[in-house]
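# Breakdown of the fold
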2 protein chains.
Amino acid sequence: MPAKSLLLSRNDLDFLLHDWLNVEALTARTRFTDHSRESFDDIIDLCHDIAEAHFATHNKKNDTREPELVDGQVRLNPEVKDALDKVVAAGLLAATADSAIGGLQLPCVIQSACSAWFSAANTATWGYAFLTMANANLLLAHGSAEQIDRFVRPMFDGRFHGTMCLSEPEAGSSLADITTRAEPRAEGTYRIFGTKMWISAGDHELGQNIVHLVLARIPGAPAGVKGLSLFLVPKYLVGSDGTIGERNDVVLGGLNHKMGQRGITNTLLNFGEGKHLPLGEAGAVGELVGAPNRGLAVMFHMMNEARIGVGASATALGYTGYLKSLDYARTRLQGRLPTDKEPSSPQVPLIAHADVRRMLLAQKSYVEGALGLTLYAAKLIDDQRTAETDEERDRLGLLLDVLTPIVKSWPSQWCLHANDLAIQIHGGYGYTREYDVEQHYRDNRLNPIHEGTHGIQAIDLLGRKTAIADGAGLRALESLLQNSVNRARAVGGEAAHLAGQLGAALTRLADVTRRLHAEPDLTTRLANASIYLEATGHIVLAWIWLEQFLAASVREDDLGGGKRAAARYFYRYELPKTGPWLEVLATVDRTTLDMSPNWF
Amino acid sequence: MPAKSLLLSRNDLDFLLHDWLNVEALTARTRFTDHSRESFDDIIDLCHDIAEAHFATHNKKNDTREPELVDGQVRLNPEVKDALDKVVAAGLLAATADSAIGGLQLPCVIQSACSAWFSAANTATWGYAFLTMANANLLLAHGSAEQIDRFVRPMFDGRFHGTMCLSEPEAGSSLADITTRAEPRAEGTYRIFGTKMWISAGDHELGQNIVHLVLARIPGAPAGVKGLSLFLVPKYLVGSDGTIGERNDVVLGGLNHKMGQRGITNTLLNFGEGKHLPLGEAGAVGELVGAPNRGLAVMFHMMNEARIGVGASATALGYTGYLKSLDYARTRLQGRLPTDKEPSSPQVPLIAHADVRRMLLAQKSYVEGALGLTLYAAKLIDDQRTAETDEERDRLGLLLDVLTPIVKSWPSQWCLHANDLAIQIHGGYGYTREYDVEQHYRDNRLNPIHEGTHGIQAIDLLGRKTAIADGAGLRALESLLQNSVNRARAVGGEAAHLAGQLGAALTRLADVTRRLHAEPDLTTRLANASIYLEATGHIVLAWIWLEQFLAASVREDDLGGGKRAAARYFYRYELPKTGPWLEVLATVDRTTLDMSPNWF
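Calculation criteria
- Along each chain, residues carry numbers from 1 onward, in the same order as the chain's sequence is written.
- The order in which chains are written sets their letters, starting at A; the order in which ligands are written sets their numbers, starting at 1.
- Per-residue local features are limited, in this predicted model, to residues with pLDDT of at least 70; the limit for side-chain atom pairs, both in listing and counting, is 80 or more; totals at the level of whole chains, interfaces and linings are taken over all residues.
- The side-chain quantities take in all heavy atoms of the structure and omit both hydrogens and water.
- In this description a helix means any DSSP run of H or I spanning at least four residues, a strand means any run of E spanning at least two, and both kinds are numbered starting from the N terminus.
- The buried label goes to any residue with under 20% of its type's maximum accessible area, the exposed label to any with over 50%, and the partly exposed label to all in between, with areas taken from a 1.4 Å probe on protein chains only.
- The contact criterion used throughout is that any non-hydrogen atoms of two residues lie within 4.5 Å.
- Here, Shrake-Rupley sampling with a 1.4 Å probe gives the accessible areas, and only protein chains in the shown set may cover a residue.
- Only four residue types enter the tally: Lys and Arg on the positive side, Asp and Glu on the negative side; His and the chain ends are excluded.
- Every charge is mapped to an atom, namely NZ of Lys, CZ of Arg, CG of Asp or CD of Glu.
- Strand pairing is assigned whenever DSSP identifies at least 2 bridges connecting the two strands.
- Here, expected helix span is obtained from the residue count minus one, scaled by 1.5 Å.
- Bend at a given residue is defined as the angle between two axes, one fitted to the seven residues that end at that position and one fitted to the seven that begin there.
- Comment: axis = line fitted to C-alpha atoms, over the contacting stretch for helices; angle = value between 0 and 180 degrees taken between N-to-C directions.
- A crossing counts as left-handed when the near helix is turned anticlockwise from the far one by less than a right angle, and as right-handed when that turn is clockwise.
- Under the scheme applied here, ten amino acids are nonpolar (Ala, Val, Leu, Ile, Met, Phe, Trp, Tyr, Cys and Pro), four are charged (Asp, Glu, Lys and Arg), and all others, including Gly, are polar.
- Buried area is a sum: the accessible area each of two parts loses on coming together, probed at 1.4 Å, counted once for each and added.
- By salt bridge we mean one thing: a side-chain nitrogen of Lys or Arg within 4 Å of a carboxyl oxygen of Asp or Glu.
- To pair, rings of Phe, Tyr and Trp, with the six-membered ring standing in for Trp, must have centres within 6.5 Å; the planes then decide the type, stacked if under 30 degrees apart, edge-to-face if over 60, and tilted in the middle.
- Either the NZ atom of lysine or the CZ atom of arginine qualifies as a charge over a ring when it sits within 6 Å of the ring centre and within 35 degrees of the ring normal.
- Whenever two N or O atoms come within 3.5 Å, that pair is a polar contact, provided that in protein one can donate a hydrogen and the other can accept it, and provided that, for residues adjacent in sequence, both atoms are side-chain atoms.
- To count as a disulfide, a pair of cysteine sulfur atoms needs to be within 2.5 Å.
- Put simply, a nonpolar core is a bunch of buried Ala, Val, Leu, Ile, Met, Phe, Trp, Tyr and Cys residues held in one set by side-chain atoms that sit within 4.5 Å of each other.
- Superposing copies: least-squares fit, C-alpha atoms only, residues required to have pLDDT of at least 70 in both.
- Each residue carries a pLDDT score, the predictor's own confidence in it, on a scale running from 0 to 100.

The next thing to look at is the overall build of chain A. The number of helices and strands found in chain A is 18 helices and 12 strands. Put simply, chain A has 600 residues, and 65% of those count as buried. For chain A, long-range pairs separated by at least 24 residues make up 75% of all intrachain contacts whose partners lie at least 6 apart in sequence. Total accessible area on chain A is roughly 19,900 Å²; 51% of this is exposed by carbon and sulfur atoms. Counting 59 positive and 71 negative side-chain charges, chain A places the averaged centre of each group 3 Å from the other.

As structure tokens, this is what we get:
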């Protein structure tokens, strides 16, 4: 393992996994008995090594030489395949899968720690692996045994790759308006016709095949999302024995050219436009996954994983930007302290300046907070999967549901802001393409958009997740936070002081939520959903920091000092921001609704 | 004049210039008697036309085909010169200069309105013109008559271009550490040796010559900024009769490759490295501008203009992004209102959604607020120049001094945020390079960095501008805001309500400022200077919005409705953010200082 990395802090990761989350305790559960702290640590070491040696090394090249169309074929940088081969060889695509299918049967929380290295090193190249894993995981949960044999095994082997195809040119956030249709054929297959947009990894030559999971509508299905079904549509047909057959009619319509994330193709795909006639007939051949008209629910298996993955990826980009700006601030000499009026005295490192330290501390609080949050969410999945009672499983499921929009959105917003601060610390150098931080900022800007925009997550949180089951999800969250508040109060001292602030914010949030849920007009209720998401997110992160503060209380080393200082920063500079946000919500403000469109 | 623009709103510009600032009243002053409302309007029309026809047309090309070095020469897109030629032909480089030197003798506030069109259309191409103007204006104020003849006249004619050379590779924010030296020669000239970094427009082939204004140190000068002198160093020597002579030893060391603003060269320049031996001797030939060791004060003539220019440019980029996202929100159909559960009903335009309207209203409040602020600052310069008493001139000068860091920083921060929201409204499309908004976001990211970073402006405001003359600058600002508060209170109704909030914030700011100025430890006092800058900025913008609210009170049209709604938005969603910021300041928080560098 390299001694020191500018991708992530292994020290912090160990603190979060072991001191705080006590992941070793998972090995007592049946699913994870083959593992140990050592096996967890070893796999994280391995990911760190691969990320440094094979991912970070072509991150800039991915940005400067984006995928090209040459004679109708997508040409990627060859380093992408080399890097992915290392991941496959380590068995990492099947990290969380059952050993029965060749998986490592690792906890999700360890897999999340593993992924963080790759995302930090090269988010675009890692995207191919991530989508393949999420695709495979969906099929493991909802596909037939035969589909698993024909498609999941080759994905785990690195021979096939995966995508998710939801959006269309006229249906982005509004999935109800998906028009791609799936016509049933006698033999039980379907023929798919339509156009999908924003499909990451939609075409490339990395392997032998690409497995598209496509939302489409069977003729006669109900309008809206209740009429969507999910189809498996491979680029090349696959026989029942796994042999690769003729070209399916899934054709690349064009590459989108993005601000960042340039190393991963983003595509327009045409299904059944007639360029190929597989098995002599028009339409892309597709197989149903799950039941008809249940496609969105099935797709959400992948979407929820993708949403948590987006938050984790945003976190990793924020984290590496933080470490790079920290490194720069320690080494770049510039200026003197305000009290030093002697211009001939030597210049001090940037980190000596209070404002630079403020920008570092802000980043630290965002990225280490977000890393805590994403690991916590991943462990919730493990806890849920291995829960001993249905009741416990339901409670954890509710908690995960209510946290998912926050896990997706908070890092996307604040770790992007961390990247902004990382540029600022670099000054003019940070604005150049010679330093990494400007790429991280551009790469990270995608995260508040894809897999459900910030506004969509907000409506999901306020309109659904905090309301369903008569508010049970919200109560589960409140009780989680209140337990920490109580624990910190019992500790006393500064912990109790922080707990007092968190407790007050939590009470206020509960009041405001009740007030909003009581608002009879739905449009008014949801008008400030984004602000609700941000306020709730900041309160959840304050909880994460209280937890980290408590877990670090026995640490007298630099890590302990840093954790306490970052928690203090978060409570003094960040948590109070929720005051004005909650005030807008408490008054059920209608300013935006009362603004006539003509007045803009 | 084109009917409708996506660069700026002419309607808003007219409101700000005429309804609010009453710029026509300036024509009563001796300096501007040759002008009229018509001449003001005509020149703005002309700028609008040139901006649309010759600047906006190659904005994307500037981004995708950045300047290249070909055989040691910088190759720009040919459209850059075509556009600048139009500006020169209209006499706009000398817009504010005396008619005696061929200037249009326009008020700065009108020139600022003119520039806004060009910045919105193509900030990179406009940069060449802006730097040339600022350079010429410095020489008009501080150069000798002979320097004005030899250099300013050709700049106004578009034959010469200008730069400002402050930073060096090891001296960015810390100007005290500039090491470029200027050795005096018998004939009264100097020989310059050193390297300058981040020099925009530092090399190109747009005209016959480039006039560099260079901060350097004469041997024996005091250490620090008090030992800096300013030199005029042309790329080609210029004879006393204006003829262009041999190549001076100012040599392009390399081009910086930036995240945005790609159309304007950004360079490393070597002075006196020995590539050329002008007049047979080593060293770039330079002429002193102003007195020895007074270089920084003289340079600040240009710097202050540049700082206000940065704010104005950030505003223009924010403004055009707002209008483009507004246009997209009006035309893109997506989704349905929360109350519409019928998926077969037609989709609504994005602008129908509360969250999209929130993002539009936020942008409107930022960009129209910032435009008001930058125009106000420009008019302050006019008022100061034409003040009838020394006392009035001093008061206006103090006000301009205290506002300058805010005019530079607030738009750089919040109009960049506006660009972020413009992307968000576009969804996935906004993340692609096919739409303009992602370029605006990248272009605008420079503005919090150059011409004094956010942190430098913050120290300027809290450490100097609010403290000098025993706090007279701050008192001038307070009195300006308090007058509006009193006026709005007298109006009553909603105006009085907003005034109450602004008055309270102003009182709190004054308390906090006193508390900070009373802090004996300088490092502690300045530790949260950036937050002080942001809080003061938001309060000043709340004042701008109160002023706009009052000026719009008689307007029953869409503009009036929009102004009132945007003011309301700012007071409900934005001004309250100052509460937590001021609280951090009031407690003279030392969290960042107490964080040990080892703890990161």
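In this section: the pairing of strand β9 (residues 244-247) of chain B. Residues and elements named next belong to chain B. Bridge count between strand β8 (residues 236-238) and β9: two bridges; the pairing is antiparallel. In the strand pairing of β9, Val-238 is matched with Ile-244. Taking the residues that link successive antiparallel strands as the turn, the β8-β9 hairpin has five residues, and the phi of Gly-242 there is positive, at about 90°.

An α-helix turns once every 3.6 residues. As a result, residues three or four positions apart point the same way. Residue and element names in this part refer to chain B. Counted at 1.5 Å a residue, the expected span for helix α7 (residues 295-331) with its 37 residues is 54 Å, and the 53 Å between its end C-alpha atoms agrees. The sharpest bend along α7 measures roughly 35° and falls at His-301. A large share of α7 lies buried, amounting to 29 of its 37 residues.

Time to look at the packing of helix α12 (residues 468-491) of chain B against helix α15 (residues 529-551) of chain B. Residue and element names in this part refer to chain B. Viewed as axis vectors pointing N to C, α12 and α15 meet at an angle of 35°, and their least axial separation amounts to 10 Å. Considering how the two elements wind past one another, α12 and α15 form a crossing that is left-handed. Of the residues in α15, those in contact with Leu-474, Leu-477, Leu-480, Leu-481, Ser-484, Val-485, Arg-487, Ala-488 and Val-491 of α12 are Tyr-532, Thr-536, Ile-539, Val-540, Trp-543, Leu-546, Glu-547 and Leu-550. In terms of residue class, the contact of α12 with α15 is made up of 13 nonpolar, two polar and two charged.

This part takes up the interface of chain B and chain A. Contact residues are listed per partner, giving 91 residues for chain B and 91 residues for chain A. Both sides together, the interface formed by chain B and chain A hides about 8,100 Å², and carbon and sulfur atoms give 59% of it. Looking only at chain B, the three residues that lose the most surface to chain A are Tyr431(B), Arg433(B) and Phe600(B), adding up to 11% of its buried area. Scanning the region where chain B abuts chain A turns up 10 salt bridges. The closest approach of N and O atoms between Arg572(B) and Asp589(A), which form a salt bridge, is 3.6 Å.

Moving on to the packing of aromatic side chains. One pass over the structure, following the stated rule, counts 33 aromatic pairs over all chains. Ring centres of Phe118(A) and Trp126(A) lie 4.5 Å apart, and the angle between their planes is 20°; on these two criteria the pair is classed as stacked. With 5.9 Å between their ring centres and 85° between their planes, Tyr328(B) and Tyr435(B) make a pair best called edge-to-face. A residue pair is termed long-range when its members are at least 10 positions apart, and Tyr328(B) in helix α7 and Tyr435(B) in the loop between α9 (390-426) and α10 (437-444) qualify at 107 residues. Grouped by ring-pair contacts, the aromatic residues Trp198(A), Tyr328(B), Tyr429(B) and Tyr435(B) constitute a single cluster. Looking at Arg159(A), its charged tip hangs above the ring of Phe160(A), at a distance of 5.7 Å from the centre.

Quick look at the pairing of strand β6 (residues 209-217) of chain B now. Residues and elements named next belong to chain B. Most of β6 sits out of view: nine of its nine residues are buried. In this structure, strand β3 (residues 160-165) lies alongside β6, joined through six bridges in parallel fashion. Considered in β6, the bridge of Phe-160 is made with Asn-209. Where β6 lies against strand β7 (residues 228-234), seven bridges are found, and the strand directions are antiparallel.

As a further point, take the environment of His440(B). Residue and element names in this part refer to chain B. Structurally, His-440 is set in helix α10. Owing to a relative accessible area of 0%, His-440 belongs among the buried residues under this scheme. Expressed as a C-alpha distance, the spacing of His-440 and Thr-315, which sit 125 residues apart in the sequence, is 11 Å. In this structure, His-440 is in contact with Asn-59, Ala-120, Leu-317, Thr-320, Gly-321, Lys-324 and Asn-419, ignoring residues within four places of it in sequence. There is a polar contact of 2.9 Å between the side chain of His-440 and the side chain of Lys-324.

All names here are of chain A. Applying the stated rule across the entire model yields 90 salt bridges over all chains. Measuring nitrogen to oxygen at the nearest pair gives 2.4 Å for the salt bridge that ties Glu-281 to Arg-185. Pair noted here: Glu-281 is in the loop between β11 (266-271) and β12 (284-289) and Arg-185 is in the loop between β4 (181-184) and β5 (190-200), with a separation of 96 residues, a long-range link. A residue is classified by how much of its surface remains accessible, and Glu-281, at 28% relative accessible area, is partly exposed.

Further remarks concern the state of the cysteines. Throughout the structure, instances matching the rule amount to zero disulfides over all chains. Between Cys114(A), a free cysteine, and Cys47(A), which holds the nearest cysteine sulfur, the sulfur-to-sulfur gap is 3.4 Å.

What follows deals with the environment of Val74(A). Residues and elements named next belong to chain A. Its location among the elements puts Val-74 in strand β2 (residues 73-75). On the accessibility criterion, Val-74 (4% relative accessible area) is buried. Along the chain, Val-74 and Ala-488 lie 414 residues apart, while their C-alpha atoms are 55 Å from each other. In contact with Val-74, other than residues within four places in its own chain, are Pro-67, Glu-68, Leu-69, Asp-203, His-204, Glu-205, Leu-252, Leu-255 and Thr-265.

For the rest of this paragraph, the subject is the nonpolar core. Ile110(A), Met299(A), Ile110(B) and Met299(B) are the most contacted members of the largest nonpolar core, which has 386 residues in total. Sorting elements by how many residues they give to this core places helix α5 (residues 108-142) of chain B first, with 21 residues. Apart from the residues within four sequence positions on either side, Ile110(B) is in contact with Leu17(B), Val23(B), Phe40(B), Ile43(B) and Ile44(B). Residues Val437(A), Ala422(B), Tyr431(B) and Ile449(B) belong to the second largest nonpolar core, which totals 18 residues.

Mapping chain B onto chain A calls for a screw motion: a turn of 180° about the axis and a shift of 0.0 Å along it, with 0.0 Å RMSD after fitting. Such a combination of rotation and displacement between the chain copies is what one expects of a two-fold axis. Every residue of chain B has its C-alpha some distance from the rotation axis, and the shortest such distance is that of Lys577(B), at 3.4 Å. By residue overlap, the copies meet face to face through one surface: 100% of the interface positions of chain B are interface positions in chain A.

Further remarks concern the confidence of the model for chain A. Averaged over every residue, the pLDDT of chain A is 96; the share at 70 or more is 100%. With a pTM of 0.98, the predicted complex shows an ipTM of 0.98.

Attention now goes to α5(B). All names here are of chain B. In this model, α5 (35 residues) spans only 19 Å end to end at C-alpha, well below the 51 Å of a helix rising 1.5 Å per residue. Remark: the principal bend of α5, roughly 130°, maps to Asn-122. Most of α5 is tucked away, with 32 of its 35 residues classed as buried.

Once that is clear, we can look at the environment of His257(B). For His257(B), the location among the structural elements is in the loop between β10 (250-255) and β11 (266-271). We classify His257(B) as partly exposed; its relative accessible area is 28%. Spatially, the C-alpha atom of His257(B) lies 37 Å from that of Arg525(B), the residues being 268 residues apart in sequence. Once residues lying within four places of it in the same chain are set aside, the contact partners of His257(B) are Tyr431(A), Thr432(A), Arg433(A), Glu434(A) and Glu66(B).

It is worth spelling out the side chain of Asp63(A) at this point. Residues and elements named next belong to chain A. With respect to the secondary-structure elements, Asp-63 resides in helix α3 (residues 59-64). Engagement of the side chain of Asp-63 in a polar contact is seen with the side chain of Arg-442, the distance being 2.7 Å. Setting aside residues up to four positions removed in sequence, Asp-63 forms contacts with Arg-262, Glu-438, Gln-439 and Arg-442.

The phi angle at Trp198(A) is positive, at roughly 70°, despite the residue not being glycine. Within the element layout of this structure, Trp198(A) appears in strand β5. Overall, Trp198(A) belongs to the buried group, its relative accessible area being 19%. Residues other than glycine seldom take positive phi values, yet Ala201(B) does so here, at roughly 60°.

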